[in-house]
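Chain by chain, the residues run as shown.
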Amino acid sequence: MRTLIAIPVYNEAATVESVLRTVRRHAGDVLVIDDGSTDDTAEIINRVRPELGLDLIRHEANAGYGRAMREAFARAHRGGYDWVITMDCDEQHEPGSIPAFIDAARQDDLDIVSGSRYLDPRFAADRPPEDRRTINKALTTEINARFGFELTDAFCGFKAHRVSAMRRLRLDDDGYAFPMQLWAEANAHGLRVGEIPVRLIYNDYNRTFGGGLDDPQVRLRHYREVLDAAIERSARLDAQTATRTVGTPGPCCGGPCPSES
Ligand SMILES: Nc1nc2c(ncn2[C@@H]2O[C@H](COP(=O)(O)OP(=O)(O)OP(=O)(O)O)[C@@H](O)[C@H]2O)c(=O)[nH]1
Ligand SMILES: [Mg+2]
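Engineer: With reference to specific residues and values, describe the site of ligand 1.
Structural biologist: Lining the immediate environment of ligand 1, one finds 19 residues, of which Glu12, Asp35, Asp90, Arg132 and Tyr202 sit closest. In this structure, Asn62 approaches ligand 1 through a side-chain N or O atom, which is 2.9 Å from an oxygen atom. Between ligand 1 and the protein, one listed contact pairs an oxygen atom with a side-chain N or O atom of Gln92 at 2.9 Å. Relative to its free-state accessible area of 630 Å², ligand 1 is covered by the protein chains to the extent of 92%. Only strand E1 (3-9), strand E2 (29-35) and helix H3 (65-78) provide two or more residues apiece to the shell around ligand 1. Split into classes, the residues belonging to the shell around ligand 1 amount to 10 nonpolar, three polar and six charged.

Engineer: Can you explain the coordination of the magnesium ion (ligand 2)? Please cite residues and give values.
Structural biologist: Protein ligation of the magnesium ion (ligand 2) involves Asp90 (OD) and Gln92 (OE1), the donor distances falling in the range 2.0 to 2.1 Å. The pair Asp90 / Gln92 is uniform in exposure class, with both members buried.

Engineer: I'd love a proper account of the pattern of salt bridges, names of residues and values included.
Structural biologist: It is possible for side chains of opposite charge to pair when their charged atoms get near one another. In this structure the tally under the stated criterion is 24 salt bridges. Notably, a salt bridge pairs Arg199 with Glu94, separated by 3.2 Å at the nearest N-O pair. Of the two residues, Arg199 is situated in the loop between strand E7 (193-197) and helix H8 (216-247) and Glu94 in the loop between strand E4 (83-86) and helix H4 (98-106); the sequence distance between them amounts to 105 residues. Between Arg127 and Glu130 there is a salt bridge, with the nearest N and O atoms lying 3.6 Å from each other. Taking the relative accessible area as the measure of exposure, Glu130 reaches 48% and is therefore partly exposed. Among the ionic contacts, a cluster of salt bridges with common partners joins Glu17, Arg21, Arg47 and Glu51.

Engineer: Lay out helix H7 (residues 178-188) in plain terms, naming residues and giving numbers.
Structural biologist: Within H7, nine of the 11 residues are buried, leaving the element largely enclosed by the surrounding structure. Within H7 the residues assigned to the buried category are Phe178, Pro179, Met180, Gln181, Leu182, Trp183, Ala184, Glu185 and Ala186. Directly after H7, the chain includes Gly190, whose backbone phi takes a positive value near 65°.

Engineer: Could you give me a rundown of the side chain of Arg117, with the residues and numbers involved?
Structural biologist: Relative to the assigned elements, Arg117 resides in the loop between strand E5 (112-116) and helix H5 (130-147). A distance of 2.6 Å separates the side chain of Arg117 from the side chain of Asp153, its partner in a polar contact. With residues near it in sequence (within four places) discarded, Arg117 still touches Asn136, Asp153, Phe155, Cys156, Val198, Arg199 and Leu200.

Engineer: Describe the packing of aromatic side chains, naming the residues involved and giving the relevant values.
Structural biologist: Per the counting criterion, the structure on display carries eight aromatic pairs. An angle of 65° between the planes, with centres 6.0 Å apart, marks the rings of Phe149 and Trp183 as edge-to-face. Here Phe149, found in the loop between H5 and strand E6 (159-162), pairs with Trp183, found in helix H7; they are 34 residues apart in sequence, far enough to count as distant. Each of the two residues, Phe149 as well as Trp183, counts as buried. For the pair Tyr202 and Tyr205, a centre-to-centre distance of 5.1 Å together with 50° between the ring planes defines the contact as tilted.

Engineer: Could you give an account of the pairing of E7, with specific residues and numbers?
Structural biologist: Within E7, four of the five residues are buried, which leaves it mostly tucked inside the rest of the structure. Two elements, E5 and E7, share five bridges in a ladder whose sense is parallel. For Gly115, the partnering residue across the bridge sits in E7 and is Ile196.

Engineer: Tell me what's going on with the packing of H5 against H7, and back it up with residues and numbers.
Structural biologist: Two elements in contact, H5 and H7, have axes whose closest approach is 11 Å; the angle formed by their N-to-C orientations is 15°. Between H5 and H7, the interaxial angle falls into the category roughly parallel. Both H5 and H7 take part in a crossing whose hand is right-handed. Across the interface between the two elements, Leu139, Ile143 and Phe147 from H5 touch Met180, Trp183, Ala184 and Asn187 from H7. Of the residues in the contact of H5 with H7, the class split is six nonpolar, one polar and no charged.

Engineer: Help me get a handle on the environment of Leu182, residues and values and all.
Structural biologist: Within the secondary structure layout, Leu182 lies in helix H7. With a relative accessible area of 1%, Leu182 lands in the buried category. The spatial distance from the C-alpha of Leu182 to the C-alpha of Ala105 is 18 Å, given a sequence separation of 77 residues. Here Leu182 is in contact with Phe73, Ile112, Lys159, His161, Met166, Leu169 and Leu171, once residues within four sequence places are set aside.

Reading the values: rules and limits
Residues numbered from 1 in each chain as written. Chains lettered and ligands numbered in written order. Predicted model: local features only at pLDDT ≥ 70, side-chain atom pairs only at ≥ 80, totals over all residues. Heavy atoms only, no water. Near = heavy atom within 4 Å. Polar contact = N/O pair within 3.5 Å; in protein donor to acceptor, adjacent residues only side chain to side chain. Areas by Shrake-Rupley, 256 points an atom, 1.4 Å probe, with all protein chains shown as cover. Helix = DSSP H or I, 4+ residues; strand = E, 2+ residues; numbered from the N terminus. Nonpolar A, V, L, I, M, F, W, Y, C, P; charged D, E, K, R; others polar. Donors = N, O, S within 2.8 Å, 3.2 Å for Na, K, Ca; no water. Buried < 20%, exposed > 50% of the residue type's maximum accessible area, 1.4 Å probe, protein only. Salt bridge = Lys/Arg side-chain N within 4 Å of Asp/Glu carboxyl O. Contact = heavy atoms within 4.5 Å. Phe/Tyr/Trp six-rings, centres within 6.5 Å; stacked < 30°, edge-to-face > 60°. Pairing = 2+ DSSP bridges. Axes fitted to C-alpha atoms, helices over the stretch in contact; angles between N-to-C directions. Parallel < 35°, antiparallel > 145°, perpendicular 65-115°, else oblique. Left-handed = near helix turned anticlockwise from the far one by under 90°.

And the structure:
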């Protein structure tokens, strides 16, 4: 089972070196997606890259978290990896949990192993800002209600993804709402999703999303819009496929084919 670790990075000069050094202790193949950072992130990555043997995708201009995820899936596919584990670079995800994701993936009964900061109260090291918790709870409840999932954390960026399953999904969101599209497409393609507990770490209460998403109402509305659009699109595409199938005579089952009646 070949696994790639993929880390999206945007302005993480304070933590990028320690995260990459620690990850390297738990993983062989590491991809960094440096997305037009404007602080010292790029210089730091360039300095440690030869020693740590990192694979790198760099954008001159910021393209977004979702874009980075999609590029990680594509690079994992091209590299012939079976699984790609994504994790953040702000020290909210412990590299020491990577073996737990690999073990869960190795069970071979899931397509997405999602970290959850709310699955096991013993893992609740810190308290997230109220707006983060409220929005997470609201959307996680909605996603479970609509897809029949039993998630406890729909927003954790620490996940293991089966590369072949990701290939089947129609993903095109570039921003922070990417997880909404991922869950909708996972449902539409019947993927098996599950969770493992990860530590809830909150070390910087001044972090921002930017792009107007720091207003919780705006952010909630945006996530819902992306979720609704993904659900509506897959329903539309499924309907088109169904119509096409009805239109085209299928393999003859020996009985009178509908098209001939
Ligand atoms: N490639 C890329 N990575 C990004 C972008 N925005 C954020 N990231 C990275 O994605 C990860 C998650 O971003 P965060 O801003 O921490 O998102 P979050 O954890 O939901 O929000 P916080 O609760 O504020 O930490 C971090 O490693 C960021 O550096 C982006 O535009 N492009
Ligand atoms: Mg974070």
